[in-house]
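What follows is each chain in one-letter form.
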Amino acid sequence: MEQETSLLQKSLRTSRACDRCRRQKLKCDSSRPCVLCARAGHKCETSQRTARRTRRQNPGGRDLHVNSGVHKAIAPATRKNSNFIHGVGGADIPYATESSTSYPERSPKEPQSGANASAIDFARRVFNEEEAGRTLTGASIPGDTGAPTLDNSLWHLTEVELPPEAVMLALIDAYFDRMQWFILLFHEPSFRQTARRIISQTSWRRQDLSPTMAVLAVAMIGLHSVLPDQRWPGHELLREHSVDGEKLMHGLVSEIRRNLLDISIDCRIEAVQVCLLVSCYYVYHNSPSIAWTVSGMGVRSAYALRLYTKSAQCENPVVDEIRSRCWNHAIVSDTFASIVYGRPSSIDTGLVALHSLRDMDDLVIDPLLLKNEWISGDGMPTTTARFFTMKSEIYNIIRHILSRFRRLQLRKETIEEDLLAIAEATQDSEEQLVSWRKRVPRLFDFEFWSCENRLEQFQQQIKGLPQRTKYQAETIILQAATLQLTYDGALIQARRPLLEQKTTSSCSRLVVDAIHESLRVATAAALRISRIPVLRFKHHFAESFVSLQQFTAGVILCILPTSQPFTTAAHEAKAGIMRIIHASVAFGPHNRVAKQTAQLLTELLKVTIEREMSGALRGGLETNLPREISERGAIPSVQPAHIDHTGSHSPPSRDVRDHPPIPTAHAPPHSRQSPHMSQAIQDHRGANDQQVQAPIEPSDHPSANIFEQLDDTFGAFGELMFNLIPDDQGRAWNWGRTVP
């Protein structure tokens, strides 16, 4: 009897559930009205839908309408063959199901343990919605990720009048030309489809608020990039339609700010995209304090949508890819904010990981370029997805490095044991970065392009190609330069903790050697940054990122002339600072970060030269040199072919004393250091015999006094240095003091 009842119950289950049961994911039956609707007193209706069962949405984003990433015309094509998507010109191209790159952590699946469930999820399980015929929804209790019931009435823009469709399309084009190659948040074909629908209207339903703000954010970033570029053909379009670019820019920013909280309520993927784009704009161009807050909103929205998980039930590769792109950039953005602001990251470093990216249609490298001898070859990427993968990976490494340094429990008065702990963490961090550097594909290796005049030859080879193909070739070079800048900046970041420590005369030889090595590696990285032809980034959104990296390099280069006056290394450092200042001035007054970089480094260089002269006159050249340096000669200098800001090369100059060059990125900078330094540190810590070492005077190594001089300089000019953290008294260099 029980078996018959069970079979009867199974047979009563219908393949086409009513609307309410489908919406609430309840077990419906074949009777109408169904038992659950009748019990709950609701009207039972069944819409005419296909018999195919719709996929189960991600629990964290059940209302995840990816207007910025999925078009209805794309979804069937992607489901048609799970290993192919539509490529350029309608051709099917394969995408990689898994990346060959191994990450430090695996992307977690949907959490199942009770510790990962919210209180409302626990209540749902206890309440047993299926049997009760009712559901707990409405997002009224904290922890409920269901979308609240919203008024779907018509609304319109209040802070800005949407410009003509032709202008909006031109601004979207500018975004994908000057931002998408740098920060990957959207799937271009599907976003454009959504954008055309949005900009063809003047009023929208409430459900369109989030995609509309995403379109405005894209237009805002595109407009900001092209406004100072007089060669942009869209200026004629603005004049034709009587559109004031500056006024439009202000209106777009105001409209997005007005609706920022509302799109967070919607809990859709656009909330992540808009917040990350707005924070990018504010951190460089308006208010870094707002940028910090909005960036945090983007990370929180990503958590709310559970973008950190890889849902095994996501049938649409475009939807899954957009989630992965947004999550990976959330990690990049959060890590970058942690570097800039000097604050702990918001993303849990132990529980989440990067997602592998697919070789999607909007990242395909033009086949005409793939025929080039330096781009083609076995194992060479056929899309730019590898660039974004490598970029995310190095930021993930930086995130772990920062966390390790912050976990070090240093005393107020740094002692020998603390310095050894910092030195060990520094070496381990550099080894991770060098390991990453070895895996950079040749296509995105800027050192490869810079050697043997390849860059100029490549530009000659592509002269006859279509304009769009040449533009893509240029962005590939920019991507390679971006990875090089990020890598060298990370090396400096890893070496800074040791350089910033105040040492005493009782420091051991091991600590002094570690400090010298840190200065050498940081200086070599700073010189490489100064030689990158950064003017290629002009009028791209990434130019401010470049200026920030150059500023950090310029500060490092100011150390050598003071600590080693009138040596070859000091002269090269001053030449590097001048290259950075000239490049910053060339970016023009429209770039706030570049303008302040030029101003600050000019003042810092003046102080450095004055102290170089006074130091040399006070004690004589030889007596003023560090002990180890005076024995071996000046710190060896980097000797790659010089690259000016136009990209042309000149033969490398030779040191008159024939010092061996510091290894470039192909030969890791730490290779000159003993490979067993970590073991030496451990041996030093565990040594039972108390060996008496000759005391080292503070003037014998630069970190003992040079940062006191930098304190004075940054105390005077720090308030001008991007205004990132005004009045923050907790920084080693107090930026809160203002210029008198």
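In this text, all values refer to a predicted model and were calculated from it rather than measured experimentally.

### Some words on the overall build of the chain
What the chain contains, in helices and strands, is 30 helices and six strands. Within the chain, buried positions represent 55% of all 740 residues. The contacts in the chain between residues at least 6 apart in sequence include a share of 77% that link residues at least 24 apart. As displayed, the chain has an accessible area near 33200 Å², and 52% of this comes from carbon and sulfur atoms.

### Quick word on the packing of helix α13 (residues 269-285) against helix α15 (residues 317-341)
One can describe the packing of α13 onto α15 by two numbers: an axis separation of 11 Å at closest approach and a directional angle of 30 degrees. Here α15 runs roughly parallel to α13, going by the angle between their axes. Crossing of α13 against α15: the hand is left-handed. Note on element contacts: α15 touches α13 through Ile322, Cys326, His329, Ala330, Ser333, Phe336 and Tyr341, opposite Ile269, Val272, Gln273, Leu276, Ser279, Cys280, Val283 and Tyr284.

### Structural notes on helix α7 (residues 165-178)
For α7, with 14 residues, the first-to-last C-alpha span of 20 Å sits near the 20 Å given by 1.5 Å per residue. Here α7 lies mainly inside the structure; ten of its 14 residues are buried. Burial in α7 covers these residues: Val167, Met168, Ala170, Leu171, Ile172, Ala174, Tyr175, Phe176, Asp177 and Arg178. Elements that come into contact with the buried residues of α7 comprise α8 (188-199), α9 (209-226), α10 (234-240), α11 (245-258), α13 and α21 (467-499).

### Re unusual backbone geometry
The backbone of serine 242 sits at a positive phi, close to 55 degrees, despite the residue not being glycine. Inspection of the secondary structure puts serine 242 in the loop between α10 and α11. A residue is classified by how much of its surface remains accessible, and serine 242, at 66% relative accessible area, is exposed. Positive phi, close to 70 degrees, is recorded for histidine 539, a residue that is not glycine. Its relative accessible area of 9% is what places histidine 539 among the buried residues.

### Observations concerning a nonpolar patch on the surface
On the surface, a cluster of nonpolar side chains totalling about 310 Å² of accessible area is made up of Phe566, Met613 and Leu617. Tracing the backbone shows methionine 613 in helix α26 (residues 592-619). On the basis of relative accessibility, which here comes to 42%, the residue methionine 613 falls in the partly exposed class.

### Focus on the packing of aromatic side chains
A full pass over the atoms with the stated rule returns 22 aromatic pairs. An angle of 85 degrees between the planes, with centres 6.3 Å apart, marks the rings of tryptophan 374 and tryptophan 449 as edge-to-face. Residue tryptophan 374 is found in the loop between α16 (367-370) and α17 (385-407), and its partner tryptophan 449 is found in helix α19 (residues 446-450); the two are separated by 75 residues along the sequence. A relative accessible area of 12% means that tryptophan 374 is categorised as buried. Note on tryptophan 449: relative accessible area 0%, which makes it buried. Arginine 437 extends its terminal NZ or CZ atom over the ring of tyrosine 487, reaching a point 5.9 Å from the ring centre. Its guanidinium or amino end placed over the ring of phenylalanine 566, lysine 574 lies 5.4 Å from that ring's centre, counting from NZ or CZ.

### Re the pattern of salt bridges
This model, assessed by the stated rule, comprises 25 salt bridges. Notably, a salt bridge pairs arginine 178 with aspartate 229, separated by 2.9 Å at the nearest N-O pair. Within this pair, whereas arginine 178 is found in helix α7, its partner aspartate 229 is found in the loop between α9 and α10, the two being separated by 51 residues in sequence. This pair shows no difference in class: arginine 178 is buried, exactly as aspartate 229 is. We note a salt bridge from lysine 574 to glutamate 612, for which the minimum N-O separation is 2.9 Å. Here glutamate 612 lies in helix α26 and lysine 574 lies in helix α25 (residues 568-586), a separation of 38 residues in the sequence.

### Some details on the environment of serine 392
You can see serine 392 is positioned in helix α17. Its relative accessible area of 5% is what places serine 392 among the buried residues. Once the C-alpha coordinates of serine 392 and alanine 330 are considered, the two residues, 62 residues apart in sequence, prove to be 9.6 Å apart. Residues within four places of serine 392 in sequence aside, it is in contact with Asn328, Val332 and Leu354.

### Remarks on the packing of α15 against α17
Running from N to C, α15 and α17 point in directions that differ by 45 degrees, and their axes come no closer than 9 Å. Considered as vectors, α15 and α17 are oriented oblique to each other. The handedness of the crossing between α15 and α17 is left-handed. Within the contact between the two elements, α15 uses Asn328, Ile331, Val332, Thr335, Phe336, Ser338 and Ile339 and α17 uses Lys391, Ser392, Tyr395, Asn396, Ile398, Arg399, Leu402 and Arg406. Looking at the contact of α15 with α17 residue by residue, the classes come out as seven nonpolar, five polar and three charged.

### Re the confidence of the model for the chain
With 64% of its residues at a pLDDT of 70 or more, the chain has an overall mean of 75. Scored below 50 in pLDDT, residues 621-676 shows 137 contacts in the model against residues more than four places distant or in partner chains.

### Let's talk about the side chain of threonine 383
By the element assignment, threonine 383 lies in the loop between α16 and α17. Polar contacts involving the side chain of threonine 383 include one to the side chain of aspartate 359, which spans 2.7 Å. Within polar-contact distance, the side chain of threonine 383 engages the backbone nitrogen of alanine 385 at 3.2 Å. Excluding its chain neighbours within four sequence positions, the residues that come into contact with threonine 383 are Asp359, Met360, Leu363, Val364, Ile365 and Phe444.

### Brief notes about α8
Its twelve residues place the ends of α8 16 Å apart at the C-alpha level, agreeing with the 16 Å of an ideal helix rising 1.5 Å per residue. Within the sequence span of α8, burial applies to Ser190, Phe191, Arg192, Thr194, Ala195, Ile198 and Ile199. Contact partners of the buried residues in α8: α7, β4 (204-205), α9 and α15.

### Describing the environment of aspartate 362
If you trace the backbone, aspartate 362 turns up in the loop between α15 and α16. Within the structure, the side chain of aspartate 362 is placed 2.9 Å from the side chain of arginine 325, a separation counted as a polar contact.

### Things to note about the environment of methionine 220
Within the secondary structure, methionine 220 is located in helix α9. Since its relative accessible area comes to 1%, methionine 220 is described here as buried. Spatially, the C-alpha atoms of methionine 220 and leucine 277 are 9.2 Å apart, while their sequence positions differ by 57 residues.

The rules we used
Residues numbered from 1 in each chain as written. Predicted model: local features only at pLDDT ≥ 70, side-chain atom pairs only at ≥ 80, totals over all residues. Heavy atoms only, no water. Helix = DSSP H or I, 4+ residues; strand = E, 2+ residues; numbered from the N terminus. Buried < 20%, exposed > 50% of the residue type's maximum accessible area, 1.4 Å probe, protein only. Contact = heavy atoms within 4.5 Å. Areas by Shrake-Rupley, 256 points an atom, 1.4 Å probe, with all protein chains shown as cover. Axes fitted to C-alpha atoms, helices over the stretch in contact; angles between N-to-C directions. Parallel < 35°, antiparallel > 145°, perpendicular 65-115°, else oblique. Left-handed = near helix turned anticlockwise from the far one by under 90°. Expected span 1.5 Å × (residues − 1). Patch = residues over 30% accessible without salt bridge, like charges linked within 9 Å, V, L, I, M, F, W, Y side chains within 5 Å. Salt bridge = Lys/Arg side-chain N within 4 Å of Asp/Glu carboxyl O. Phe/Tyr/Trp six-rings, centres within 6.5 Å; stacked < 30°, edge-to-face > 60°. Lys NZ or Arg CZ within 6 Å of the ring centre and 35° of its normal. Nonpolar A, V, L, I, M, F, W, Y, C, P; charged D, E, K, R; others polar. pLDDT = per-residue confidence, 0-100. Polar contact = N/O pair within 3.5 Å; in protein donor to acceptor, adjacent residues only side chain to side chain.

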